[in-house]
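# Structure assessment
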Amino acid sequence: MPEVVVDGVHKSFGIVEVLKGISMTVERGEVTALIGRSGSGKSTLLRCMNGLESIQKGSITIADHAVGPDRAKLRALRRDVGIVFQSYNLFPHLSVGDNIMLAPRIVKKLGRGEARAIAGEVLALVGLSDKVESYPDELSGGQQQRVAIARSLAMRPRVMLFDEVTSALDPELTGEVLAVMEKLARDGMTMLLVTHEMGFARRVASTTVFMHKGRIHESGPSRQLFDRPQTPEMAQFIRSDVK
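The present account deals with the structure reproduced in this document. Since we're looking at a predicted model, the values are computed, not measured.

### Here's the deal with the overall build of the chain
Helix and strand content of the chain: 9 helices and 10 strands. Taking 243 residues into account, the globule formula puts the C-alpha radius of gyration at 18 Å, and the chain, at 18 Å, falls close to it. Summarising its shape, the C-alpha atoms of the chain cover approximately 55 × 40 × 35 Å along the three principal directions. In the chain, which comprises 243 residues, the proportion classed as buried is 51%. Surface exposure of the chain reaches about 11,400 Å², of which carbon and sulfur atoms provide 51%. Counting 32 positive and 28 negative side-chain charges, the chain places the averaged centre of each group 4 Å from the other.

### Thoughts on the nonpolar core
Core analysis: the biggest nonpolar cluster contains 49 residues, and Ile100, Ile149, Met160, Phe162, Met181, Met191 and Leu193 have the highest contact counts within it. Among the elements that line this core, the one with the most residues is helix α6 (residues 171–186), at 7 residues. With residues up to four places along the chain from it excluded, the contact list for Met181 reads Ile149, Phe162, Val165, Met191, Leu193 and Phe200. Core analysis: the next-biggest nonpolar cluster, separate from the first, contains 26 residues, Val6, Met24, Ile83 and Val194 among them.

### Structural notes on the sheet that holds strand β9 (residues 207–212)
Here 6 strands make up an open sheet; going across it, the order is β6-β7-β8-β3-β9-β10 and the pairing mixed. Looking at which strands have only one partner, the edges of the open sheet turn out to be β6 (81–84) and β10 (215–221). Taking the axes of each pair of neighbouring strands and ignoring which way they run, one obtains an average angle of 15° across the sheet. Taken strand by strand, α6 contacts β3 (31–35), β7 (159–163) and β8 (190–194), and its axis lies near 145° from that of β8.

### Some remarks on the pattern of salt bridges
Summed over all chains, the structure comprises 12 salt bridges. Of the charged contacts in the structure, one is a salt bridge between Glu3 and Arg158, with a shortest N-O distance of 2.6 Å. One end of the pair, Glu3, is in the segment before β1 (4–13); the other, Arg158, is in the loop between α5 (141–153) and β7, and 155 residues separate them in sequence. Residue Arg146 is joined to Glu176 by a salt bridge in which the shortest nitrogen-to-oxygen separation is 2.7 Å. Taken together, the positions of Arg146 in helix α5 and Glu176 in helix α6 put the pair 30 residues apart, joining distant regions of the chain. By relative accessible area, which is 10% here, Arg146 ends up buried. Among the charged side chains, a network of salt bridges with common partners joins Glu3, Arg28, Asp64 and Arg158.

### A look at the packing of aromatic side chains
Scanning the entire structure with this criterion turns up 1 aromatic pair. Ring centres of Phe210 and Phe237 lie 5.4 Å apart, and the angle between their planes is 35°; this geometry places the pair in the tilted category. Here Phe210 is found in strand β9, whereas its partner Phe237 is found in helix α9 (residues 232–241), with 27 residues between them in sequence. Taken individually, Phe210 and Phe237 each receive the classification buried, so the pair is uniform in this respect. When the ring centre of Phe13 is taken as reference, the NZ or CZ atom of Lys11 above it lies at 4.6 Å.

Criteria and cut-off values
- Residues numbered from 1 in each chain as written.
- Predicted model: local features only at pLDDT ≥ 70, side-chain atom pairs only at ≥ 80, totals over all residues.
- Heavy atoms only, no water.
- Helix = DSSP H or I, 4+ residues; strand = E, 2+ residues; numbered from the N terminus.
- Rg over C-alpha atoms; globule rule 2.2 N^0.38 Å.
- Buried < 20%, exposed > 50% of the residue type's maximum accessible area, 1.4 Å probe, protein only.
- Areas by Shrake-Rupley, 256 points an atom, 1.4 Å probe, with all protein chains shown as cover.
- Lys, Arg positive; Asp, Glu negative; His and termini not counted.
- Charge placed at Lys NZ, Arg CZ, Asp CG, Glu CD.
- Core = buried A, V, L, I, M, F, W, Y, C linked by side-chain atoms within 4.5 Å.
- Contact = heavy atoms within 4.5 Å.
- Pairing = 2+ DSSP bridges.
- Axes fitted to C-alpha atoms, helices over the stretch in contact; angles between N-to-C directions.
- Salt bridge = Lys/Arg side-chain N within 4 Å of Asp/Glu carboxyl O.
- Phe/Tyr/Trp six-rings, centres within 6.5 Å; stacked < 30°, edge-to-face > 60°.
- Lys NZ or Arg CZ within 6 Å of the ring centre and 35° of its normal.

Coordinates in, geometry out; function isn't part of it.
Next up, the structure:
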């Protein structure tokens, strides 16, 4: 059974149709990269998967949850589906450890000791064990983004969604964050990522989906897609995005 099933999804903002019949599946343990020009619908699709945007037509099932407007069902969905954005959204008045412990304590009703043990575990995963008592403004951008990833991992999600998480970082800090994501991929985490990091997508993603004007224009095994694009649009995109 796939971890993600998107079937005939349409999404509009007013009269502008942003997603025009998107269908795709992601198997358990698979890493799928969503690529394409700005405005192609990539981030909107990711937000729809987490219930942050409603859809007008079609269906989305992720980690055995049918995405819809019911608030209780959305809360259950978000326990199993983590999402990390370009902006870190850390609480500046809380330490790194407390930022990570917040959701497990509130949502899962864990005690402080258990939540702290989980915080230590996920900080070790992202290489920041020594920052548990630090505050966000004492960290670099790359470190803050790694804390944001750790915060999502603390909920023990089945699926992780990453929306342009490195786009605000310089190359060195980008490398730090991509290394964490690559480790998650090796460990078998099911992941969907919107990214402009073409080398990372080609190397780490098992499948790449090229979106163009609200549709899936081309998709397939990543290396095959990058090495032998089937459409002029994909070929042009790769050429223009080569760093």
